[in-house]
Amino acid sequence: MTNPYLAGAAGRCPRCGEGVLFDGFLKVAPACDACGAAFTKADSGDGPAVFIILIAGFLMAFGAMFHMIAFNPPIWVLLVLWLPLTVIVVLGLLRPMKGLMVAAQFAQNASQAGGDDVRK
């Protein structure tokens, strides 16, 4: 049995761990090409962005502040070093975090609420 959270973070199908979860960089595939699991109801929303802001924001702000206090470089050195590093960290975390959020929805059997889900 595959761990859905590890599979999702790796960009694999949370059910079988074999098929791909993404069609592009961040576009979720409609279904798994190996087991046929449907990903049409999976919507991570702003969840990955919030976690990335918290994680990468802490790491980059702490690193830049430490670098600034410890070495006192000119401001252009901080900008040349920490801005590209921030972009790399954010882009590096974005796909695994989105895969993790989609896998969490899949593992918990969650779906988006729609008009047909509401009792009248």
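See the structure above.
Draft legend 1. Summary view of the environment of Ile88. Relative to the helices and strands, Ile88 resides in helix H3 (residues 75–107). Residues Ile88 and Ala56 lie 32 residues apart in sequence; the distance between their C-alpha atoms is 10.0 Å.

Draft legend 2. Structural view of the side chain of Gln105. Secondary-structure assignment places Gln105 in helix H3. Side-chain polar atoms of Gln105 contact the backbone oxygen of Asp43, separated by 2.7 Å.

Draft legend 3. Expanded view of H3. Under the 1.5 Å per step criterion, the end-to-end length of H3 is 46 Å for 33 residues, consistent within 8% with the ideal 48 Å. Residue Leu94 marks the point of greatest curvature in H3, where the axis turns by about 30 degrees; the proline Pro96 follows within four residues. Of all the positions in H3, only Leu78, Trp82, Val89, Leu94, Met97, Gly99, Val102, Ala103 and Gln105 are classed as buried. Against the buried residues of H3 lie helix H1 (4–9) and helix H2 (47–71). Asn109 sits one or two residues past H3 and shows a positive phi near 60 degrees.

Draft legend 4. A look at the layout of surface pockets. Estimates place the volume of the largest pocket at around 170 Å³. Along the walls of the largest pocket sit eleven residues, with Ala38, Lys41, Phe106, Asn109 and Ala110 positioned nearest its centre. Class assignment of the residues belonging to the lining of the largest pocket gives a composition of six nonpolar, four polar and one charged.

Draft legend 5. Structural view of unusual backbone geometry. We note that Asn72 has phi near 50 degrees; this positive angle belongs to a residue other than glycine. Position of Asn72 among the secondary structure elements: in the loop between H2 and H3. Residue classification places Asn72 among the exposed positions, given a relative accessible area of 64%. For Asn109, which is not glycine, the phi dihedral falls at a positive 60 degrees.

Draft legend 6. How the structure looks around H2. Across its 25 residues, H2 extends 36 Å between first and last C-alpha, which sits within 8% of the 36 Å expected from 1.5 Å per residue. Residues of H2 that are buried: Gly47, Pro48, Ile52, Ala56, Met60, Gly63 and His67. One or two steps after H2, the chain reaches Asn72, where phi turns positive at roughly 50 degrees.

The rules behind each value
- Residues numbered from 1 in each chain as written.
- Predicted model: local features only at pLDDT ≥ 70, side-chain atom pairs only at ≥ 80, totals over all residues.
- Heavy atoms only, no water.
- Helix = DSSP H or I, 4+ residues; strand = E, 2+ residues; numbered from the N terminus.
- Polar contact = N/O pair within 3.5 Å; in protein donor to acceptor, adjacent residues only side chain to side chain.
- Expected span 1.5 Å × (residues − 1).
- Bend = angle between axes of the 7 residues up to and from the residue.
- Buried < 20%, exposed > 50% of the residue type's maximum accessible area, 1.4 Å probe, protein only.
- Contact = heavy atoms within 4.5 Å.
- 1 Å grid on protein atoms, 1.4 Å probe; cavity = no way out; pocket = protein on both sides within 12 Å on 5 of 7 lines; lining within 4 Å.
- Points joined across faces, edges and corners; volume = space filled by probe spheres on them.
- Nonpolar A, V, L, I, M, F, W, Y, C, P; charged D, E, K, R; others polar.

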